[in-house]
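Spelled out, the chains give:
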Amino acid sequence: MRHKMRLSKCGLALKGLPKEVYEVEWDLIMVDAPTGYHDEAPGRMNAIYTAGLMARNRADGETDVFVHDVDRAVEDKFSKALLCQGYMREQQGRLRHFTIPSHRARTGRPFCPQ
């Protein structure tokens, strides 16, 4: 299942990472790149989306995802939408913490909690 993330048809999915990145069931993912503070920079939409995908695709358990620079519009909106505001645990300054459960362990779980 995890290796199929590289085959995602979604344009936001990061597909060019080393295969080992997709094979590990991460306990913690930190999103602090790429640069997104000027107009020519790629921003972190893809990294945020992929972190959420990896967290949801683990066999069971939860993944803690941290997103830095949530004071910026892209990081703020995309982290709340793709990692789900209902999974947000806390925010300290510019760092936001989400705890995302496996969506494979319990089929039928909604993308975001109500």
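Notes on the structure in this doc start here. (Residues numbered from 1 in each chain as written. Predicted model: local features only at pLDDT ≥ 70, side-chain atom pairs only at ≥ 80, totals over all residues. Heavy atoms only, no water.)

### With respect to the packing of aromatic side chains
Formally: Stacked, tilted and edge-to-face pairs are distinguished by plane angle, under 30 degrees for stacked and over 60 for edge-to-face with tilted covering the rest, among Phe, Tyr and Trp rings (Trp via its six-membered ring) whose centres lie within 6.5 Å. Here, a charge over a ring means that NZ of Lys or CZ of Arg falls within 6 Å of the ring centre while also lying within 35 degrees of the ring normal.
Applying the stated criterion across every chain yields a total of zero aromatic pairs. Positioned above the aromatic ring of Phe 111, the side-chain terminus of Arg 56 is 3.8 Å from the ring centre.

### Overview of the environment of Lys 77
Note the following rule: The numbering of helices and of strands both runs from the N terminus, where a helix is a DSSP run of H or I of at least 4 residues and a strand a run of E of at least 2. Relative accessible area decides the class of each residue, using a 1.4 Å probe on protein chains only: under 20% of the type maximum gives buried, over 50% gives exposed, and in between gives partly exposed.
With respect to the element layout, Lys 77 can be found in helix α3 (residues 73–82). A relative accessible area of 56% places Lys 77 in the exposed class. In sequence terms Lys 77 and Met 45 are 32 residues apart; their C-alpha atoms lie 9.4 Å from each other.

### Points about the layout of surface pockets
Counted only if it meets this: With a 1 Å grid spanning the protein atoms alone, the term cavity applies to any set of points in which a 1.4 Å probe fits but cannot get out, the term pocket to an open set with protein on both sides within 12 Å along at least five of seven lines, and the term lining residue to any residue with an atom within 4 Å of a point. Grid points are joined across faces, edges and corners, and a volume is the space filled by probe spheres set on the points. Charged means Asp, Glu, Lys or Arg here, nonpolar means Ala, Val, Leu, Ile, Met, Phe, Trp, Tyr, Cys or Pro, and polar covers whatever is left, Gly included.
Its boundaries defined by the atoms lining it, the largest pocket holds a volume of some 150 Å³. Forming the boundary of the largest pocket are 13 residues, of which Leu 14, Ile 29, Met 30, Val 31 and Ala 47 lie nearest the centre. At four residues, the largest contribution of residues to the lining of the largest pocket is made by helix α2 (residues 45–56). Tallied by class, residues from the lining of the largest pocket come to 11 nonpolar, one polar and one charged.

### Thoughts on the packing of α2 against α3
Put simply, the rule is: Here the axes come from fitting lines to C-alpha atoms, over the contacting stretch only for helices, and the angles between their N-to-C directions go from 0 to 180 degrees. Comment on the angle field: the value is read as roughly parallel under 35 degrees, roughly antiparallel over 145, roughly perpendicular from 65 to 115, and oblique elsewhere. It is the rotation of the near helix from the far one that decides the hand of a crossing: anticlockwise by less than a right angle makes it left-handed, clockwise makes it right-handed. A contact between two residues is defined here by any heavy atoms of the two lying within 4.5 Å.
Their axes nearest at 9 Å, the elements α2 and α3 cross at an angle of 20 degrees. One way to sum up the angle between α2 and α3 is to call them roughly parallel. By crossing handedness, the relation of α2 to α3 is classed as right-handed. On α3, the residues that touch Met 45, Ile 48, Tyr 49 and Arg 56 of α2 are Val 74, Glu 75, Phe 78, Ser 79 and Leu 82.

### Details of the environment of Asp 60
Position of Asp 60 among the secondary structure elements: in the loop between α2 and β2 (62–68). Overall, the relative accessible area of 48% leaves Asp 60 in the partly exposed class. In this structure the C-alpha to C-alpha distance between Asp 60 and Pro 42, which are 18 residues apart in sequence, comes to 32 Å. Leave out the neighbours within four places in its chain, and Asp 60 touches Glu 25, Ser 102 and Ala 105.

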